[in-house]
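Survey of secondary and tertiary structure
Listed below are the residues making up each chain.
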Amino acid sequence: MPKVSVIVPVYNVEQYLDACLDSINAQTYKDFELILVDDGSPDRCGEMCDKYAKDHPNTKVIHQENMGLSEARNQGVKIAEGEYVTFIDSDDYIAPDYVEYLLQLMEKYEADVAIANNVKFFDGQTPVIPQRTETDCLATPGQALSKMCYGEYSICAWGKLYKRFLVEKYPYPKGALYEDLATTYKIAGDSQKVAYGSKVVYYWRQRKGSITREKITERHFFGITATKQMLQYIEQRYPEAIPAAENRCATKIIDNAYRIVMGNKDKEMFRRTRAEIKPFVKSILKNKKSSFAVKLRTATLWLGYVPFLLVSKVYSKVK
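Residues numbered from 1 in each chain as written. Predicted model: local features only at pLDDT ≥ 70, side-chain atom pairs only at ≥ 80, totals over all residues. Heavy atoms only, no water.

Inspection of the secondary structure assignment puts Glu 218 in the loop between strand E9 (194-206) and helix H8 (222-237). In sequence terms Glu 218 and Phe 292 are 74 residues apart; their C-alpha atoms lie 29 Å from each other. With residues near it in sequence (within four places) discarded, Glu 218 still touches Met 269 and Arg 272. Reaching out from Glu 218, the side chain makes a polar contact with the side chain of Arg 272 at a distance of 3.0 Å. (Helix = DSSP H or I, 4+ residues; strand = E, 2+ residues; numbered from the N terminus. Contact = heavy atoms within 4.5 Å. Polar contact = N/O pair within 3.5 Å; in protein donor to acceptor, adjacent residues only side chain to side chain.)

Under the counting rule described, the total for this entry stands at twelve aromatic pairs. Seen from their ring centres, Tyr 93 and Tyr 203 are 4.8 Å apart, and the 25° between their planes marks the pair as stacked. Here the residue Tyr 93 occupies a position in strand E5 (residues 93-94), and Tyr 203 occupies one in strand E9, the gap between them amounting to 110 residues. For Tyr 93, a relative accessible area of 21% puts it in the partly exposed group. The buried category is assigned to Tyr 203, whose relative accessible area is 12%. Judged by centre distance (6.2 Å) and plane angle (45°), the ring pair of Phe 270 and Phe 308 falls under tilted. Taken as a pair, Phe 270 in helix H10 (residues 267-277) and Phe 308 in helix H13 (residues 305-318) lie far apart in primary sequence, 38 residues in all. The burial state of Phe 270 is the same as that of Phe 308; both residues are buried. Three or more aromatic residues link up through ring pairs in this structure, and these residues are Tyr 98, Trp 158, Tyr 202 and Trp 204. (Phe/Tyr/Trp six-rings, centres within 6.5 Å; stacked < 30°, edge-to-face > 60°. Buried < 20%, exposed > 50% of the residue type's maximum accessible area, 1.4 Å probe, protein only.)

Right, let's get into the nonpolar core. In this structure, Phe 87 and Ile 234 are the most contacted members of the largest nonpolar core, which totals 65 residues. For this core, the leading source of residues is helix H9 (residues 242-264), giving ten residues. For Phe 87, the contacting residues outside a window of four places in its chain are Ile 7, Arg 73, Val 77, Tyr 98, Ala 157, Trp 158, Gly 159, Lys 160, Tyr 162, Val 167, Tyr 172 and Tyr 202. Counting 43 residues, the second largest nonpolar core, distinct from the first, contains Tyr 16, Leu 17, Leu 103 and Tyr 202. (Core = buried A, V, L, I, M, F, W, Y, C linked by side-chain atoms within 4.5 Å.)

This structure, assessed with the given rule, holds 23 salt bridges. The closest approach of N and O atoms between Lys 108 and Asp 136, which form a salt bridge, is 2.9 Å. Residue Lys 108 is located in helix H4 (residues 98-109), and its partner Asp 136 is located in strand E7 (residues 136-139); the two are separated by 28 residues in the primary sequence. Classification of Lys 108 as exposed rests on a relative accessible area of 54%. With a relative accessible area of 30%, Asp 136 lands in the partly exposed category. One network of salt bridges, with partners in common, ties together Lys 3, Glu 83 and Glu 107. (Salt bridge = Lys/Arg side-chain N within 4 Å of Asp/Glu carboxyl O.)

Attention shifts here to the packing of H10 against helix H12 (residues 292-303). When two helices pack together, their arrangement is captured by the angle between the axes and the distance separating the axes. Contact pair H10 / H12: the axes reach a minimum separation of 9 Å and the direction vectors enclose 125°. Put simply, H10 runs oblique to H12. Where H10 crosses over H12, the two elements pack in a sense that is left-handed. Every residue of H12 that contacts H10 at Phe 270, Arg 274 and Ile 277 is listed here: Thr 298, Leu 301, Trp 302 and Leu 303. (Axes fitted to C-alpha atoms, helices over the stretch in contact; angles between N-to-C directions. Parallel < 35°, antiparallel > 145°, perpendicular 65-115°, else oblique. Left-handed = near helix turned anticlockwise from the far one by under 90°.)

In structure tokens form, the structure reads like this:
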């Protein structure tokens, strides 16, 4: 039985899939199975998955009707045999020691979840890895949740190694955007120990067609709902992380508002989003760990469309 199950949901990424698969094939740690889930991809991805599996005996392929990223991950988990599970998005790629590094963190700290660092890069560019001393540490669930909420640890599904029982216990919500935002906190919160390593081993591609760069629609409001549900969960189980969770709610609301004023310019959607920030204004302005940018954007969002638009334009140029 393989030690690790690597699950890759695949949809409409024909031009990126080879790079992803090549990076997986180059892993220094070899005791893993690869599960490719073709989520009804309209391009050649299904054929590419089958061809890869033919040449690599440790690979399984699932072909299914398009059901979305959540169900693709869930279906992969159902047939996973590894003691540990990791997810990789098919338009991203990983360092040669990705699996080995996460497994070392998991075993060093006897953890239930191991989190590695990542770097974001835009399509067509080469990732730039910050030069800094690599460190690793152990976190309690409450500490890990705080760091996720402040953006110190990624809350995405990928870039992590999980004990399989945790991803079996918490499947991703079918058909929802921000499915990892709605799930990762439950997995971390139900863990005994969370390990973190600062080494960059995951390369996160930003492309025009990705979900995170879409214009705001009704479906995107689920992200706000998910962060509010996370806050309720933390209030009940990890009260020390409440300020961090409030910060995460505010940043998700700000993100929605930013994409509205810079894209849709839908005044009704903005009005609804602005109303969501009201319960968090005082706590964010008092929170010493909330950044100046978050405080400024929170305050101007509450003031209204024009102040927030002006700050958003400046923020866009600086970013």
